[in-house]
Amino acid sequence: LQETWLSGDYRRQIETSHLDTPSNCLFFHHGQPAQEGRGSGGVGILLGSGGRTAWKRAGSPEPIRGELIEGVARCMGLEIHAVDNYGRVIKYFIISAYHPDSKK
């Protein structure tokens, strides 16, 4: 997810209407403590139920949040561990990055 326009860094569980437990997990990185007006920047990672399980299998690590660029978050990463059909753990590092270019 890019251009989230939200403030702060946090994780949020999302419950769907047909499940009793949270099925999705969102990670946000914006960096700015407060948003003014429409705002800009910010990135996020959305994990479905399988991704959430893989994140927990990795030990529920905190996301790696990149440095702010001109006060705005533009990248973050998250480690997850999936299991293949042979029972082997496959390690992934998911990255969400955004670098707009408004030059014409």
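Bear in mind that the values here come from a model prediction, so they are computed numbers and not experimental data.

Residues I64, F93 and I95 make up a contiguous nonpolar surface patch of roughly 330 Å² in combined accessible area. Turning to its location among the elements, F93 is positioned in strand 6 (residues 89-97).

We now examine unusual backbone geometry. The backbone of S60 sits at a positive phi, close to 55°, despite the residue not being glycine. With respect to the helices, strands and loops of the structure, S60 is situated in the loop between helix 1 (49-57) and strand 4 (64-65). Its relative accessible area of 33% is what places S60 among the partly exposed residues.

Below, the discussion takes up helix 1. Within helix 1, burial applies to G51, R52, A54 and W55. End-on view of helix 1: buried residues confined to an arc of 160°, all on one side of the axis. The first or second residue beyond helix 1 is G59, which carries a positive phi of 100°.

About the thresholds
- Residues numbered from 1 in each chain as written.
- Predicted model: local features only at pLDDT ≥ 70, side-chain atom pairs only at ≥ 80, totals over all residues.
- Heavy atoms only, no water.
- Patch = residues over 30% accessible without salt bridge, like charges linked within 9 Å, V, L, I, M, F, W, Y side chains within 5 Å.
- Areas by Shrake-Rupley, 256 points an atom, 1.4 Å probe, with all protein chains shown as cover.
- Salt bridge = Lys/Arg side-chain N within 4 Å of Asp/Glu carboxyl O.
- Helix = DSSP H or I, 4+ residues; strand = E, 2+ residues; numbered from the N terminus.
- Buried < 20%, exposed > 50% of the residue type's maximum accessible area, 1.4 Å probe, protein only.
- Arc of directions from axis to C-beta.

That's the geometry; what it means functionally is another story.
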